[in-house]
Amino acid sequence: MHFFLKISLGLIRMRNVTLFITTAVFILLSTIIMYALEPDNFESLLNTFYFVMTTFTTVGYGDYSPTTIPAKIYSVFMFLIGIGLLGVVIGKIVDSFTLFRRMREEGRMTLLNENHVVIIGWGKKSESAVKEILDSDKDVEVVVIDTLTKSPELLMSDVRLHYVQGDPTLEEAYVKANLTKANAVIIFADGNIQDRSLKDAKTLLVAITVSRLAPTVHTTVEIYTEKNISNFSHVEVDEFILSQETISRLAVRSALYKGVSQVYSQLISRQHGEDLYQIPTKAEWKTYNDAFQDLLAQGATLIADRNQLDINRRLDEMIPDEAVLYIICNRETYEKVSG
């Protein structure tokens, strides 16, 4: 018993790669040895391999069994060693899956994603943003960075969602999130900070870190006070979202133009009616009118080039090389016009 206990402990302590190689070699040798001992009985190496595996995993099915004394003795040896060896291998595999899930849950994995969206800060707004991203693009992956000790339940529900635990003002978390290969970054204000100026100060510190590590990645920042935007003048930020002011202005528009909030909802969310999409220009479109008429015939409405909403007054102008066109249509029409 002491002998087998020492063997078992040795197998458990063995490195994974060494253990897998040892198991494979033992299975291969056992197959060759059993076939060499009784070639007429097993008829082929495939049948012998089948017998070896059923002996390792169970006690055999009885359709193939040794008939000579040497083969029976080796079968007993194979059973005693092989079943323990394979059991340890299976245990290691199960442990690996358990470790993988625990590391993913705790946000300790280094990701190799590319063209993903990185969201910094977890809360109600970032949760809504994740759902909107998943609804907008069936292929995009999302990485959330936060200091939570355990991944939010939502991030464990989809293989396209990932969590990285770390301080967003430090480089380590961004290395794990593979920030430099990301398609976009969204920085949400820290919901645990009550003072609005301190919120924006923390956001500025995070934006500085992101800008230093990935200056070419498109960055969107939530900010609470509009006057603080000037503090970001030396930081690579592409777009600002004014958190409080945006809600206030939308409320005013809704009061002045009743029902307009529904129009806003359609423009900013894939979950309501017609949607806003960005499309590439086409070689056959020389003027805005060419693009406008072609898109209109397909069921889409051209409304803007970048931040310029006066397309209807510039239809005769040539489309510049740097144009970024936006249309309003449903998803089916977008897939047709962008294909």
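Preceding this paragraph is the structure being described.
The paragraphs below set out a description of the structure included in this document. (Residues numbered from 1 in each chain as written. Predicted model: local features only at pLDDT ≥ 70, side-chain atom pairs only at ≥ 80, totals over all residues. Heavy atoms only, no water.)

## With respect to the overall build of the protein chain
The secondary structure content of the protein chain amounts to twelve helices and nine strands. Taken across its 339 residues, the protein chain has 37% of its residues classed as buried. Within the protein chain, contacts between residues separated by at least 24 positions form 59% of all contacts whose residues are at least 6 apart in sequence. (Helix = DSSP H or I, 4+ residues; strand = E, 2+ residues; numbered from the N terminus. Buried < 20%, exposed > 50% of the residue type's maximum accessible area, 1.4 Å probe, protein only. Contact = heavy atoms within 4.5 Å.)

## A few points about the pairing of strand β1 (residues 117-120)
Going residue by residue along β1, you find Val-117 and Ile-119 tucked away on one face and Val-118 and Ile-120 tucked away on the opposite face as well. The pairing of β1 with strand β2 (residues 142-146) spans four bridges and is parallel. Across the sheet, residue Val-118 finds its bridge partner in β2, namely Val-143. Remark: the β1/helix α6 (residues 124-136)/β2 crossover connection has right-handed handedness. Bridge count between β1 and strand β4 (residues 184-187): four bridges; the pairing is parallel. When the bridges of β4 are listed, Val-117 appears paired with Ala-184. (Pairing = 2+ DSSP bridges. Right-handed = clockwise from strand over helix to strand, strands pointing away.)

## Remarks on the layout of surface pockets
Rolled over the atoms, a probe sized like a water molecule indicates the empty space that remains. Size it by volume and the second largest pocket reaches roughly 420 Å³. Breaking the lining of the second largest pocket down by element, the ones donating at least two residues are α6, β2 and α8 (196-213). Taken together, the residues that form the lining of the second largest pocket break down as ten nonpolar, seven polar and six charged. (1 Å grid on protein atoms, 1.4 Å probe; cavity = no way out; pocket = protein on both sides within 12 Å on 5 of 7 lines; lining within 4 Å. Points joined across faces, edges and corners; volume = space filled by probe spheres on them. Nonpolar A, V, L, I, M, F, W, Y, C, P; charged D, E, K, R; others polar.)

## A closer look at empty space enclosed by the protein
Enumeration according to the criterion identifies one cavity of 30 Å³ or more in this entry. Quantified by volume, the largest cavity comes out at close to 30 Å³. If you trace the largest cavity, you find it lined by Met-103, Arg-104, Met-109, Leu-111, His-162 and Tyr-163. Mapped onto the lining of the largest cavity, the elements with two or more residues apiece are α5 (69-106) and β3 (161-165). Partitioned by chemical class, the residues of the lining of the largest cavity number four nonpolar, one polar and one charged.

## A closer look at the environment of Thr-110
Mapped onto the elements of the fold, Thr-110 is located in the loop between α5 and β1. Sequence spacing of Thr-110 and Tyr-163 is 53 residues, and the spatial spacing of their C-alpha atoms is 9.9 Å. Those residues in contact with Thr-110 that sit more than four places away from it in its chain are Val-175 and Lys-176.

## Focus on the side chain of Ser-75
Its place among the elements puts Ser-75 in helix α5. Setting aside residues no more than four positions away along its own chain, Ser-75 makes contact with Met-34, Phe-51, Thr-55 and Pro-66.

## Focus on the pattern of salt bridges
Per the counting criterion, the structure on display carries eleven salt bridges. Among the salt bridges present, the one from Arg-306 reaches Asp-305, with a minimum N-O distance of 3.0 Å. One continuous salt-bridge network, built from bridges that share partners, spans Asp-305, Arg-306 and Glu-322. (Salt bridge = Lys/Arg side-chain N within 4 Å of Asp/Glu carboxyl O.)

## Observations regarding the nonpolar core
Counting residues in hydrophobic clusters, the biggest one holds 26 residues, and the most contacted among them are Val-118, Ile-120, Tyr-174, Leu-179, Val-185, Ile-187 and Val-210. Where this core is concerned, the elements lending two or more residues are β1, β2, α7 (171-176), β4, α8 and β5 (218-223). Broken down by element, the residue count for this core peaks at five residues, all from α8. When neighbours within four sequence positions are excluded, Val-210 is seen to be in contact with Ile-120, Tyr-174, Leu-179, Val-185, Ile-187, Pro-215 and Thr-219. (Core = buried A, V, L, I, M, F, W, Y, C linked by side-chain atoms within 4.5 Å.)

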